[in-house]
Protein chains: 2
Amino acid sequence: MKATVLVRPKEGILDPQGQAVTDSLRQLGFAITDARIGRVIDVEIDDSDRAGARATLERMCEQLLANPLIESYEIVLRENGT
Amino acid sequence: MKATVLVRPKEGILDPQGQAVTDSLRQLGFAITDARIGRVIDVEIDDSDRAGARATLERMCEQLLANPLIESYEIVLRENGT
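The present account deals with the structure reproduced in this document. (Residues numbered from 1 in each chain as written. Chains lettered and ligands numbered in written order. Predicted model: local features only at pLDDT ≥ 70, side-chain atom pairs only at ≥ 80, totals over all residues. Heavy atoms only, no water.)

**Section: the pairing of strand β2 (residues 32-45) of chain B**
Okay, step 1: Both strand β2 (residues 32-45) of chain A and β2 of chain B contribute to a ladder of 13 bridges, which runs antiparallel. When the bridges of β2 of chain B are listed, aspartate 42 of chain A appears paired with arginine 36 of chain B.
Okay, step 2: By the bridge criterion, six bridges tie strand β1 (residues 2-9) of chain B to β2 of chain B in an arrangement that is antiparallel. From the neighbouring strand, leucine 6 of chain B faces β2 of chain B, where its bridge partner is valine 40 of chain B. (Pairing = 2+ DSSP bridges. Helix = DSSP H or I, 4+ residues; strand = E, 2+ residues; numbered from the N terminus.)

Set out below in structure tokens:
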């Protein structure tokens, strides 16, 4: 099953990369309020049922993909073949 | 208007970060086929209509957020207030 995990800096956590992108976009003339940057992880796992896949992905996030102290994560499951 | 931009390495482009994460997840005992890593950019822009916002975001991607040679991007517009 294919899944997408979005890992973002939590509210209130300093995001220097996002700040640099905000500044650069403004210098390029774009009218933006704020930009924040995280990671997107596309992963293909062997679980076939959705509940099991979600549980597996949550363990992956806790153990490796995200730092729960400063990052939040969002799991999006996709159907097979899409 | 809030928007999310997903920037991913194109098919066939080497993704060393994704390869490292794949290896680490396998070492942790997860049965995964493949993991690929990109960036997620949450941005708040001043355009109020969706067509204008999408056009602006496409220009941002071409000029700064993505490297069109090796990365593809996906734009997701969100309603205000969500």
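Once you've had a look at it, read on.
**Examining the packing of helix α1 (residues 16-27) of chain A against helix α2 (residues 50-65) of chain B**
In helix packing, the relevant descriptors are the interaxial angle and the interaxial distance, both defined with respect to the helix axes.
Okay, step 1: Packing of α1 of chain A against α2 of chain B leaves a shortest axis separation of 11 Å and a crossing angle of 110°. For the element pair α1 of chain A / α2 of chain B, the angle class is roughly perpendicular. The two elements α1 of chain A and α2 of chain B meet at a crossing, and its hand is right-handed. Taken together, the residues of α2 of chain B that come into contact with α1 of chain A (itself represented by Val21, Ser24 and Leu25 of chain A) are Met60, Leu64 and Leu65 of chain B.
Okay, step 2: When its residues are assigned to classes, the contact of α1 of chain A with α2 of chain B shows five nonpolar, one polar and no charged. (Axes fitted to C-alpha atoms, helices over the stretch in contact; angles between N-to-C directions. Parallel < 35°, antiparallel > 145°, perpendicular 65-115°, else oblique. Left-handed = near helix turned anticlockwise from the far one by under 90°. Contact = heavy atoms within 4.5 Å. Nonpolar A, V, L, I, M, F, W, Y, C, P; charged D, E, K, R; others polar.)

**A look at the relation of the copies chain B and chain A**
Okay, step 1: Its rotation angle being 180°, the transformation that places chain B on chain A also includes 0.0 Å of axial translation and leaves an RMSD of 0.0 Å. As the rotation angle and translation indicate, the two copies are arranged about a two-fold axis. When C-alpha positions in chain B are compared against the rotation axis, the closest is assigned to arginine 39 of chain B, at 2.2 Å.
Okay, step 2: Of all interface residues in chain B, 100% are interface residues in chain A too; the two copies therefore contact each other through one and the same surface. (Least-squares fit on C-alpha atoms with pLDDT ≥ 70 in both.)

**Some remarks on the pattern of salt bridges**
Okay, step 1: Using the criterion set out here, one finds six salt bridges over all chains in the structure.
Okay, step 2: Where arginine 8 of chain B meets glutamate 74 of chain B, a salt bridge forms, and the shortest distance between an N and an O atom there is 2.8 Å. Of this pair, arginine 8 of chain B sits in strand β1 while glutamate 74 of chain B sits in strand β3 (residues 71-77), and the two are 66 residues apart along the sequence.
Okay, step 3: Assessed through its relative accessible area of 15%, arginine 8 of chain B is described here as buried.
Okay, step 4: Through salt bridges with shared partners, one network takes in Arg8 and Glu74 of chain A together with Asp42 of chain B. (Salt bridge = Lys/Arg side-chain N within 4 Å of Asp/Glu carboxyl O. Buried < 20%, exposed > 50% of the residue type's maximum accessible area, 1.4 Å probe, protein only.)

**Some details on the side chain of aspartate 15 of chain B**
All names here are of chain B.
Okay, step 1: Mapping aspartate 15 onto the fold places it in the loop between β1 and α1 (16-27).
Okay, step 2: For the buried aspartate 15, no salt bridge is present, and the opposite-charge side chain at shortest range is arginine 36, 4.6 Å distant.
Okay, step 3: Among all residues touching aspartate 15, those that are not within four sequence positions of it are Pro9, Ala35, Arg36 and Ile37. (Lys, Arg positive; Asp, Glu negative; His and termini not counted.)

Nothing here speaks to function; it is all geometry.
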